[in-house]
Amino acid sequence: MKASSISFTFFLALQALSVLQVTSQGTDSCNSNLNLNLNLPFDTSSLQCLSVWSRYDFILRYAQNSSNVWSFVLSAPNTNSYIGIGFSSNGRMVGASAMVGWISTDGNGTVKQYFLGGEKTNQVVADEGNLTIVENSLSITSESSRIYIAFQLSSSQPRSRMLYTVGQVGVIPSSPGYALTEHRDKVSTRLNYVTGTTSATSSPHSRLRKSHGILAMLGWGILMLIGAIVGRYFRQWDPLWFYSHLAIQCCAFLLGIFGIITGFVLEDRLGEDVDTHKSLGVFILVLGCLQVMAVFARPGKESKVRKYWNWYHHNGGRILIVIAIANVFYGIHLGDEGTAWNASYAIVISILVLVSLVLEFNLWRKN
């Protein structure tokens, strides 16, 4: 019994030691000297060092070598994916230029400049950008399970709004186009070159973006569905069900209109390509207006055209709700709000859909 216990303890110690070795191989620190097997055109001992993205262990070193030459070395764990550093005027990806590097499966490294012209893959163009790279200054290597990208920029003052990104694991750009797939994660920061400090930055017009998202989500994507549930499944409480249905849908319509107005203002300020999202929003607004107009043209219960009005009103509402839910998810994707917004909205919609299914089953059983 004692022998097996000692053996098990020894096994755990070996496992812990191996984990520590792997961890130490894949780490970099500003407390350690930078000794790379690269013939760099600048002195690495004078570089200022700071941790810029602790979640993925991104370390940035930089220095101003002359009045218009800056040197940079970015290091990150080699996870068989690309890493990138971008220079932005406003903290946003669109319009920025980035240095992106990766190590192929054969061990060869590649580093290129990309112009981030949009959020689509074909709008991210290799070997283009606004960065003036010093000739023969690009270098990339993989040492101790980390990627090191080194380059020099000809600039009196590089942009302080920085972007850092890491690609999907196992997806490496390849010739001839070297197209970048969508990143696994990214972060936007502000770098103070003088003090050597970095801080996370919020997206421009973040308050307006959140207002647009909340108004559109609450109006078109949640209240409109609740109003439809009340209108279909609570007819036994006439006339309360009708006025409740009308009040909820009116609130949803007004919130939706304010959401669309803030969306137009946001598009004008950001100047980004959101044509699909905007077109869907306008189409939803048109359907909403038609639903409101239908209320004023509502025939009496005994009218022969009442069944046609019901068909139009019910199916038009269903189409509106389905497109609205899809556009809310698409808007969350465009805003790059992450999983929190997606998960929260998905939970709300799942609950409402589940309630609808239960009520629909009860209605079917009664009929």
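Thresholds applied
Residues numbered from 1 in each chain as written. Predicted model: local features only at pLDDT ≥ 70, side-chain atom pairs only at ≥ 80, totals over all residues. Heavy atoms only, no water. UniProt positions renumbered as here; feature names shortened; annotations may be inferred. Helix = DSSP H or I, 4+ residues; strand = E, 2+ residues; numbered from the N terminus. Rg over C-alpha atoms; globule rule 2.2 N^0.38 Å. Buried < 20%, exposed > 50% of the residue type's maximum accessible area, 1.4 Å probe, protein only. Contact = heavy atoms within 4.5 Å. Areas by Shrake-Rupley, 256 points an atom, 1.4 Å probe, with all protein chains shown as cover. Lys, Arg positive; Asp, Glu negative; His and termini not counted. Charge placed at Lys NZ, Arg CZ, Asp CG, Glu CD. Pairing = 2+ DSSP bridges. Axes fitted to C-alpha atoms, helices over the stretch in contact; angles between N-to-C directions. Phe/Tyr/Trp six-rings, centres within 6.5 Å; stacked < 30°, edge-to-face > 60°. Lys NZ or Arg CZ within 6 Å of the ring centre and 35° of its normal.

Under the annotation held in an unreviewed UniProt entry, the protein carries the name Cytochrome b561 and DOMON domain-containing protein and is attributed to Hibiscus sabdariffa. Under Subcellular location (unreviewed entry), UniProt gives the following word-for-word description of the protein: "Membrane".

Provide a residue-level description of the overall build of the protein, including the pertinent values.
Check the secondary structure of the protein and you find 6 helices and 12 strands. Relative to the compact-globule value of 21 Å for 367 residues, the protein shows a C-alpha radius of gyration of 28 Å, a clear excess of over 25%. Each principal axis of the C-alpha atoms in the protein carries an extent, and together these give about 90 × 70 × 40 Å. In the protein, buried positions account for 39% of the 367 residues. Considering only residue pairs separated by 6 or more positions, the protein has 63% of its internal contacts joining residues 24 or more positions apart. As displayed, the protein has an accessible area near 20,600 Å², and 59% of this comes from carbon and sulfur atoms. Taking the average place of the 27 positive charges on the side chains of the protein and the average place of its 21 negative ones, the gap between the two points comes to 15 Å.

Can you tell me about the sheet that holds strand E5 (residues 97-103), naming the residues and giving the values?
The strand order across the open sheet formed by 7 strands is E7-E6-E5-E4-E10-E11-E12, and the pairing between neighbours is antiparallel. Strands at the two margins of the open sheet, each flanked by one partner only, are strand E7 (124-126) and strand E12 (197-200). Strand-to-strand twist in this sheet, taken as the mean axis angle between neighbours without regard to direction, amounts to 30°. For strand E4 (residues 83-88) and strand E10 (residues 161-166), the ladder comprises 6 bridges, and the chain directions are antiparallel. Its bridge partner being in E10, Ile85 is matched across the sheet by Tyr164.

Could you give an account of the packing of aromatic side chains, naming the residues involved and the relevant values?
Using the criterion set out here, one finds 17 aromatic pairs in the structure. Site record: aromatic cluster; members linked through ring pairs are Tyr62, Trp70, Phe72, Phe87, Phe151 and Tyr193. Cation over ring: Lys112 sits above Tyr178, and NZ or CZ is 4.6 Å from the ring centre.

Explain the pairing of E10 residue by residue, including any values.
Of all the 6 residues making up E10, 6 are buried; the element is thus mostly covered by neighbouring parts of the structure. Covered by surrounding structure in E10 are Arg161, Leu163 and Thr165 together with Met162, Tyr164 and Val166, the residues of both alternating faces. Where E10 and strand E11 (residues 185-192) come together, 6 bridges link them in antiparallel fashion. For Leu163, the partnering residue across the bridge sits in E11 and is Ser188.

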